[in-house]
Amino acid sequence: MITKEQIAAICEEALTESDRFLVEVKIKPGNIIEVYVDADSAVNIDHCIEISRFIESKLDRDVEDFELSVFSWGLSGALRMDRQMQKYLGKDVEVKSKELGKIQGKLVSFDAEKAEIEPVRKKTSKKKAVEEGNVVVERKSAEIKPAIVF
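Rules of the game
- Residues numbered from 1 in each chain as written.
- Predicted model: local features only at pLDDT ≥ 70, side-chain atom pairs only at ≥ 80, totals over all residues.
- Heavy atoms only, no water.
- Axes fitted to C-alpha atoms, helices over the stretch in contact; angles between N-to-C directions.
- Helix = DSSP H or I, 4+ residues; strand = E, 2+ residues; numbered from the N terminus.
- Parallel < 35°, antiparallel > 145°, perpendicular 65-115°, else oblique.
- Left-handed = near helix turned anticlockwise from the far one by under 90°.
- Contact = heavy atoms within 4.5 Å.
- Buried < 20%, exposed > 50% of the residue type's maximum accessible area, 1.4 Å probe, protein only.
- Polar contact = N/O pair within 3.5 Å; in protein donor to acceptor, adjacent residues only side chain to side chain.
- Expected span 1.5 Å × (residues − 1).
- Arc of directions from axis to C-beta.
- Phe/Tyr/Trp six-rings, centres within 6.5 Å; stacked < 30°, edge-to-face > 60°.
- Lys NZ or Arg CZ within 6 Å of the ring centre and 35° of its normal.

Peer 1: Any chance you could break down the packing of helix α1 (residues 4-15) against helix α2 (residues 45-58) for me, citing the residues and the numbers?
Peer 2: At a closest axis distance of 10 Å, the pairing of α1 and α2 adopts a crossing angle of 125°. Taken together, the axes of α1 and α2 are oblique relative to one another. The interaxial crossing formed by α1 with α2 has right-handed handedness. Contact residues: α1 offers I7, I10, C11, E13, A14 and L15, while α2 offers I51, F54, I55 and K58.

Encoded structure:
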């Protein structure tokens, strides 16, 4: 059986000397492999194809059949890694937490436990007033995503 660790190691090899990095590997029943990558700049379809072909070249379909898809992490995924948080430092993000509901603002700073947001509005989606100044949220209990601004 193909393992996450095996796919992750192959991905790391494929991503060497690029600004792209592995965010997550999922292996679903039936050997359906999903690989999610992000980059300090951007991930496009050509990057996904290149990574997919590299992974396929390292696996033997005669030994084990599989289905492989490589995706860009994209704007809809929560920022999980420090490298992703760094990319959005000073940019608009959307934060969802049980405590505040949904709030938008600029990512001002972060560390392993917390993220500091400069709110755009003074009210959250739960109609709670935000005190003057920045909002600090616990990273493990909040979902922080890039804000889609039109």
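Peer 1: Requested: an account of the side chain of Q84, with residues and values cited.
Peer 2: Note on placement: Q84 falls in helix α3 (residues 82-87). Q84 gets classed as buried once you look at its relative accessible area, which sits at 0%. A polar contact is formed between the side chain of Q84 and the side chain of D38, at a distance of 3.0 Å. Not counting chain neighbours up to four residues away, the residues in contact with Q84 comprise F21, V23, D38, W73, A78 and L79.

Peer 1: I'd like a rundown of α1, residues and numbers included.
Peer 2: In this model, α1 (12 residues) spans 16 Å end to end at C-alpha, consistent with the 16 Å of a helix rising 1.5 Å per residue. Among all positions of α1, only I7, I10, C11, A14 and L15 are buried. Buried positions in α1, seen along its axis, are confined to an arc of 130° and lie on one side of it. Tucked inside the fold, the buried residues of α1 contact β1 (20-28), β2 (32-39) and α2. Backbone geometry just downstream of α1 places E17 in the positive-phi region, at approximately 65°.

Peer 1: Hey, could you go over the packing of aromatic side chains for me, with residue numbers and the actual values?
Peer 2: This structure, assessed with the given rule, holds two aromatic pairs. With a centroid separation of 5.1 Å and 25° between ring planes, the pair formed by Y36 and F71 is classed as stacked. Taken together, the positions of Y36 in strand β2 and F71 in strand β3 (residues 67-72) put the pair 35 residues apart, joining distant regions of the chain. Ring plane angle 85° and centroid distance 5.7 Å describe the contact between Y36 and W73, whose orientation is recorded as edge-to-face. Within this pair, whereas Y36 is found in strand β2, its partner W73 is found in the loop between β3 and α3, the two being separated by 37 residues in sequence. We note that Y36, like W73, is buried. Here the aromatic cluster, defined as three or more aromatic residues joined through ring pairs, consists of Y36, F71 and W73. Over the ring of F66 we find R61, and its NZ or CZ is 3.9 Å from the ring centre. Its end group placed over the ring of Y88, K91 keeps NZ or CZ at 5.8 Å from the ring centre.

Read these as geometric descriptors, not functional statements.
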